[in-house]
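An overview of the molecular structure
Chain by chain, the residues run as shown.
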Amino acid sequence: MPWRKTKDAYSIWVSEVMLQQTQVSVVIPYYERWMTRFPSVGSLASASEEEVLQLWQGLGYYRRAKSLLSGAQYVLERGMPSDISGWRKVPGIGAYSAGAIASIAQELPVALVDGNVERVYARLLGDDSVGPKLTKAAWGWAEANICSEHPGDWNQGLMELGATVCTPKDPKCSGCPLQLECKGFLRGLVSELPAPSPKELVRDLTITFLILHHGGSLFFSRAKQGQWWSGMLVLPTPEDVPVAGWTEDLGRFVFRVTNNRVKAEVKLIRLETAPQGFEEVPLERLQDVPIPAPHRKALKLLQRI
DNA sequence: AATTCGGGGGC
DNA sequence: GCCCCAGAATT
């Protein structure tokens, strides 16, 4: 992992934010591009949100990118935090990320709990708690077992154990250094732990994406605050386009936004004149503009025509 | 404590 | 399909 080659706090910070709810293999190319374009806090702090979102495109949870930008501005003004409570005040940095940056980059003796550590804890201690209770118990355990000599290595080792040995499915107990002190293993409960939290109900809904085409350009809306992908360019919906004229059905597909299963219907509208109140993007500039993945998928239906 | 934030990987 | 991912902010 490229962020392992450095102890620069900003680099670790960027990597940890990208890694929130995102797999290592997905993050690596984004991280490389990001560090090339924004090698320092100062270079990020002076960037536009547009460009930040463009580099983030495809990673999801776009709030993280906006927080990272405002966090850089915050740190540029007030200086790099030097303890965990300082990191907790930085936008976009919660308990896990603060612990990760402080212990890995600054070698401060602090704990950290992510999904990996939580799973290792639940099995090692045989704790069948669920949800927030389990998380809280894992924090208590992690804080009681901080390695004050090498806190960063310890924390990364714990996470790596969870990622490579104590995996969610098919854990490699026979190769685990903790096998003989693991209560979950000794009791034959490894496959039952951590206890699954109750499933969230999935909502089904349908939206229509309209592709407004005129004169070699497409016309987008800007997602408002409180809407999905707020601040980004998104395809208009019928509410945005009162008078539709005739539409051409381009197809449909399904995507998910956390616990929503969304059926998207895509329609093309060829306009005689440029519409008012939309942002125009020439077809050849589509690559340079941040657009959420589902909208980009909808645009692909256009290429078949 | 529960919800809301994307998107992709792996099986 | 389904589960999970080196979570955080908001209510």
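Just above, that's the structure.
Attention in this report is confined to the structure presented alongside it. (Residues numbered from 1 in each chain as written. Chains lettered and ligands numbered in written order. Predicted model: local features only at pLDDT ≥ 70, side-chain atom pairs only at ≥ 80, totals over all residues. Heavy atoms only, no water.)

**A closer look at helix α8 (residues 115-125)**
The element α8 is largely enclosed, with a buried count of nine among its 11 residues. If you check which residues of α8 are buried, you get Asn 116, Val 117, Glu 118, Arg 119, Val 120, Tyr 121, Ala 122, Arg 123 and Leu 124. In this structure, the buried side of α8 is in contact with α9 (132-144), α10 (151-164) and α11 (183-186). Its side-chain oxygen placed 3.1 Å from the backbone nitrogen of Asn 116, Asp 114 serves as the N-cap of α8. Directly beyond the C-terminal end of α8, a positive phi value near 65 degrees is found at Gly 126. (Buried < 20%, exposed > 50% of the residue type's maximum accessible area, 1.4 Å probe, protein only. Helix = DSSP H or I, 4+ residues; strand = E, 2+ residues; numbered from the N terminus. Contact = heavy atoms within 4.5 Å. Polar contact = N/O pair within 3.5 Å; in protein donor to acceptor, adjacent residues only side chain to side chain.)

**A short note on the pairing of strand β1 (residues 203-214)**
Sheet topology places β1 next to strand β5 (residues 260-270); 11 bridges connect them, and they run parallel. Residue pairing in the sheet places His 213 in a bridge with Arg 270 of β5. Pairing of β1 with strand β2 (residues 217-222) involves three bridges; the strand directions are antiparallel. Within β2, the position partnered with His 214 by the bridge is Ser 217. In textbook terms, the turn of a hairpin is the stretch between consecutive antiparallel strands, and for β1 and β2 this stretch comprises two residues, one of which, Gly 215, has a positive phi near 55 degrees. (Pairing = 2+ DSSP bridges.)

**As for the protein's contact with DNA strand C**
Close contacts around DNA strand C come from 25 residues, with Met 1, Gly 92, Asp 114, Arg 119 and Met 159 the closest. Backbone sugar and phosphate groups make up 61% of those atoms of DNA strand C lying within 4 Å of the protein. Separating a base nitrogen of DNA strand C from a side-chain N or O atom of Arg 4 is a distance of 3.1 Å. Classifying every residue of the surface near DNA strand C by side-chain character gives nine nonpolar, nine polar and seven charged. (Near = heavy atom within 4 Å. Nonpolar A, V, L, I, M, F, W, Y, C, P; charged D, E, K, R; others polar.)

**Some details on the protein's contact with DNA strand B**
Residues in close proximity to DNA strand B total 19 residues, the closest being Gln 23, Tyr 61, Tyr 62, Thr 258 and Pro 294. Near the protein, meaning within 4 Å, the atoms of DNA strand B are sugar or phosphate in a fraction of 61%, with bases accounting for the rest. Take Trp 229: an N or O atom from its main chain is 3.4 Å from a phosphate oxygen of DNA strand B. One of the backbone nitrogen or oxygen atoms of Ala 293 is found 2.9 Å away from a phosphate oxygen of DNA strand B. Among the residues forming the surface near DNA strand B, the class breakdown is 11 nonpolar, seven polar and one charged.

**Regarding the layout of surface pockets**
By volume, the largest pocket amounts to about 1200 Å³. Looking at the lining of the largest pocket, the elements that each hand over two or more residues are α1 (9-18), α7 (95-105), α8 and α10. Among the elements that take part in the lining of the largest pocket, α10 stands out by supplying eight residues, more than any other. Within the lining of the largest pocket, the residues separate by chemical class into 12 nonpolar, 16 polar and eight charged. Two domains share the lining of the largest pocket, each providing at least three of its residues, namely domain 1 (1-110) and domain 2 (113-198). Here the second largest pocket defines a volume of roughly 810 Å³. What lines the second largest pocket is a set of 23 residues, among which Gly 60, Tyr 61, Tyr 62, Trp 229 and Val 257 lie closest to the centre. (1 Å grid on protein atoms, 1.4 Å probe; cavity = no way out; pocket = protein on both sides within 12 Å on 5 of 7 lines; lining within 4 Å. Points joined across faces, edges and corners; volume = space filled by probe spheres on them. Domains from an automatic or database assignment.)

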